[in-house]
Amino acid sequence: MGKAPKAGQSHFPWGKPKDSNYICHYCLHIGGFFGQNMTPAIIASVETMLEKWNAQEGKEIEVYQEFRLLTSEVISRTAFGSNYMEGEKIFAMLSKLTVIMSRNLSKTRIPLISKLWKSADLLESEKLSKEIKDRVLKIVKKREDKVVNGEVNSLRSDFLGLLLNAYHDSDEKNRLSLEDLVAECKTFYFAGQETVNSLLAWIVLHLAIHGDWQEKARREVIDIFGNQNPHLEGIAKLKIMTMIINETLRLYGPSNGLPRAVTREVQLGKLLLPANIDILPLNIGLHRDPHIWGDDVHHFKPERFAKGIAKATNYTTAAFFPFGLGPRSCVGMTFATIEAKVALSMILQRYTIALSPAYVHSPIPILTLRPQHGIQVILKPIHSNA
Ligand code: HEM
């Protein structure tokens, strides 16, 4: 295989292409955020969701929407030091923008014409982008005011604080521009929410269908945490759950492909790619390749991952990359996995999950792979089964 195309744009279409210095600088800042223990904040958000579920016991519940609220709350709390209500409008607008972008992803644009004439989608997406920017700026301003008024000790308390610190960096070379600050906030709102939202929903679907794996996962959770809330030390020991997460990421990974801008002519295997084109390598092609995974490639079999990813892929590094590969891979991978494990542990401690007859299987790629008609399940409290 020849050299891979240069990493240009990531899967967040509103992010401008970045050079490697920028990425190092960015990761330094973002690293501070991920270095903190977010488990208590995640638990608090899951508890809010579960309190609501109390009233739904034994009734049908649509978990994709439920996890949308949960993951929005988690990212608002942990990254922006706010709550879902504050980010609500941003989430709603990002969601609209995603749908528009997704339906235009493979449309060809003719440079001069697209300057003279703008489609309804382009006009709408420009309007949404501007509104999102204004909202993000409001949140930024509110935080800065809090710092000035002494309500917040330092700018460094969460992801927004770290970004603001970079925005005010005294060294001009390291300073984050306002445009980048807004782009990072948008990326974080989207990346931190939509991906884990889909992952949790697809896992719950598989656990509802595969009762044996649901039971194995529950037994492991009870062995490690009993009826207590999850903690970091125990989360690291959740082997069965890791296998279930990996198998779900393989079959229904939220990221369908990794868009890349080819900036110069490059040989990619047998293909000679010209400069100035966009390509979309699909990870799902490799994740469902029978030559790598065997004839049962389409079946949910978490046991493939019993001895780790390397063994499951027969030591082929690029066969499994739900979080991307290389310098642009997901910075939120550990955070996402912890969030999913905390939420699933707390659900499995309390409920058995059965699939509702109302469920219709219809995955649809809208930047992430989503269940088009939601995922309806019925939750039975564990104590009533005893
Ligand atoms: C199951 C959950 C997730 C999946 C499957 C996922 C997947 C990915 C993938 C495939 C990429 C690389 C895109 C590319 O190479 O073009 C990526 C990048 C990224 N992810 Fe995630 N992600 C998840 C959760 C998260 C979370 C929770 C956060 C933040 C809290 C996050 C933040 C980011 C950021 C900021 C980038 C961009 C990195 C860069 O541009 O260098 N992700 N993610």
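As the structure is a computational prediction, the values presented were derived from the model and not from experiment. (Residues numbered from 1 in each chain as written. Predicted model: local features only at pLDDT ≥ 70, side-chain atom pairs only at ≥ 80, totals over all residues. Heavy atoms only, no water.)

### Concerning the overall build of the protein chain
Worth spelling out the cut-off: Labels follow the DSSP assignment, with helices taken as runs of H or I lasting at least four residues and strands as runs of E lasting at least two, numbered in each case from the N terminus. Whether a residue is buried, partly exposed or exposed follows from its accessible area with a 1.4 Å probe, protein chains only, as a fraction of its type maximum: under 20%, in between, or over 50%, in that order. Only heavy atoms matter for contacts: two residues are in contact if any of them lie within 4.5 Å across the pair. In this description, accessible areas are obtained by the Shrake-Rupley approach with a 1.4 Å probe, and a residue is regarded as covered only by the protein chains that are shown.
When you go through the protein chain residue by residue, the secondary structure sums to 15 helices and nine strands. Residues classed as buried in the protein chain amount to 48% of the 386 residues present. Taking contacts inside the protein chain between residues at least 6 apart in sequence as the whole, the part at least 24 apart equals 73%. Here the protein chain has roughly 19,400 Å² of accessible surface; of this, 57% comes from carbon and sulfur atoms.

### Quick notes on the sheet that holds strand E9 (residues 376-381)
Our working definition: Between any two strands, pairing holds if DSSP finds at least two bridges. Helix axes are fitted to C-alpha atoms over the stretch in contact, other axes to C-alpha atoms as well, and angles between N-to-C directions run from 0 to 180 degrees.
On the basis of which strands lie adjacent, the open sheet formed by three strands has the order E1-E9-E6 and antiparallel pairing. The outermost strands of the open sheet, each flanked by one partner alone, are strand E1 (60-62) and strand E6 (351-355). Within this sheet the neighbouring strands show an average axis-to-axis angle of 40°, counted without direction. Direction of pairing for E6 relative to E9: antiparallel, over a ladder of five bridges. Paired with Thr352 across the bridge in E9 is Lys380. Packed on one face of the sheet, helix H3 (residues 63-80) meets E1 and E9 and runs near 50° to E1. Sheet strands in contact with helix H8 (residues 178-209) are E6 and E9, and its direction is about 85° off that of E6.

### Digging into the nonpolar core
Where we set the bar: Definition used in this section: a nonpolar core is a set of buried Ala, Val, Leu, Ile, Met, Phe, Trp, Tyr and Cys residues joined via side-chain atoms within 4.5 Å.
Core analysis: the largest hydrophobic core is formed by 89 residues, its most contacted members being Val46, Trp53, Phe67 and Val377. Here this core takes 16 residues from H8, the largest share from any one element. Filtering out sequence-adjacent residues up to four positions away, Val377 remains in contact with Lys59, Glu60, Ile61, Val63, Val204, Ala208, Ile353, Ala354, Leu355 and Ser356.

### A short note on the environment of Ile100
Locating Ile100 in the fold gives a position in helix H4 (residues 84-104). For the pair Ile100 and Leu122, spaced 22 residues apart in the sequence, the C-alpha separation amounts to 8.4 Å. Contact partners of Ile100, with chain neighbours within four places excluded, come to Asp121, Glu124, Ser125 and Leu128.

### Observations concerning the environment of Leu205
Assignment of secondary structure puts Leu205 in helix H8. Note: C-alpha distance between Leu205 and Ile375 (170 residues apart in sequence) is 6.8 Å. When neighbours within four sequence positions are excluded, Leu205 is seen to be in contact with Leu355, Tyr359, His361 and Ile375.

### A look at the packing of aromatic side chains
So the rule is basically this: Any two of the Phe, Tyr and Trp rings considered here, Trp counted by its six-membered ring, make a pair once their centres fall within 6.5 Å; the pair's planes then place it as stacked at under 30 degrees, edge-to-face at over 60, or tilted in between. For a lysine, the NZ atom is tested; for an arginine, the CZ atom; a charge sits over a ring if that atom is within 6 Å of the ring centre and within 35 degrees of the ring normal.
In total, this model carries 10 aromatic pairs according to the counting rule given. Their ring planes at 50° and their centres at 5.1 Å tell us that Phe305 and Phe320 sit as a pair that is tilted. Here Phe320 lies in the loop between helix H14 (309-312) and helix H15 (333-350) and Phe305 lies in the loop between helix H13 (290-293) and H14, a separation of 15 residues in the sequence. Take Phe305 and Phe320: they sit in the same class, and that class is buried. Looking at Arg288, its charged tip hangs above the ring of Tyr252, at a distance of 5.5 Å from the centre.

### Observations concerning the pattern of salt bridges
Our working definition: Here, a salt bridge means any Lys or Arg side-chain nitrogen found within 4 Å of an Asp or Glu carboxyl oxygen.
Throughout the structure, instances matching the rule amount to 14 salt bridges. Note that Glu194 is salt-bridged to Arg68, the shortest N-O span being 3.9 Å. Linking Glu194 in helix H8 with Arg68 in helix H3, this pair joins segments that are 126 residues apart in sequence. Relative accessible area serves as the criterion here: at 17%, Arg68 is assigned to the buried category. We note a salt bridge from Arg77 to Glu73, for which the minimum N-O separation is 3.2 Å. Placement of the pair is Arg77 and Glu73 together in helix H3, with a separation of four residues, close to one helical turn. When its relative accessible area of 31% is taken as the criterion, Arg77 is described as partly exposed. The structure contains a network of salt bridges with shared partners spanning Glu247, Arg250, Asp296, Lys301 and Arg304.

### Section: empty space enclosed by the protein
Here is the rule we go by: Buriedness for pockets is judged along seven lines, at least five of which must meet protein on both sides within 12 Å for an open set on the 1 Å grid over protein atoms alone, while cavities are sets there where a 1.4 Å probe fits but cannot get out, and lining residues have an atom within 4 Å of a point. Grid points are joined across faces, edges and corners, and a volume is the space filled by probe spheres set on the points. Charged residues are taken to be Asp, Glu, Lys and Arg, nonpolar residues to be Ala, Val, Leu, Ile, Met, Phe, Trp, Tyr, Cys and Pro, and polar residues to be all remaining types, Gly included.
Considering all chains together, one arrives at two cavities of 30 Å³ or more under this definition. Lining the largest cavity, in full, are Leu249, Arg250, Gly253, Ser255, Asn256, Asn283, Ile284, His287 and Pro322. Looking at the lining of the largest cavity, the elements that each hand over two or more residues are helix H11 (239-252) and helix H12 (283-287). Looking at the lining of the largest cavity, the element that brings in the most residues is H12, giving three residues. When grouped by side-chain class, the residues that make up the lining of the largest cavity number three nonpolar, five polar and one charged. Of the voids in this model, the second largest cavity is the one considered here, and its volume is about 40 Å³. Phe91, Leu94, Ser95, Thr98, Tyr189, Phe190, Gln193 and Glu194 together form the lining of the second largest cavity. Those elements that provide at least two residues to the lining of the second largest cavity are H4 and H8. Split by residue class, the lining of the second largest cavity holds four nonpolar, three polar and one charged.

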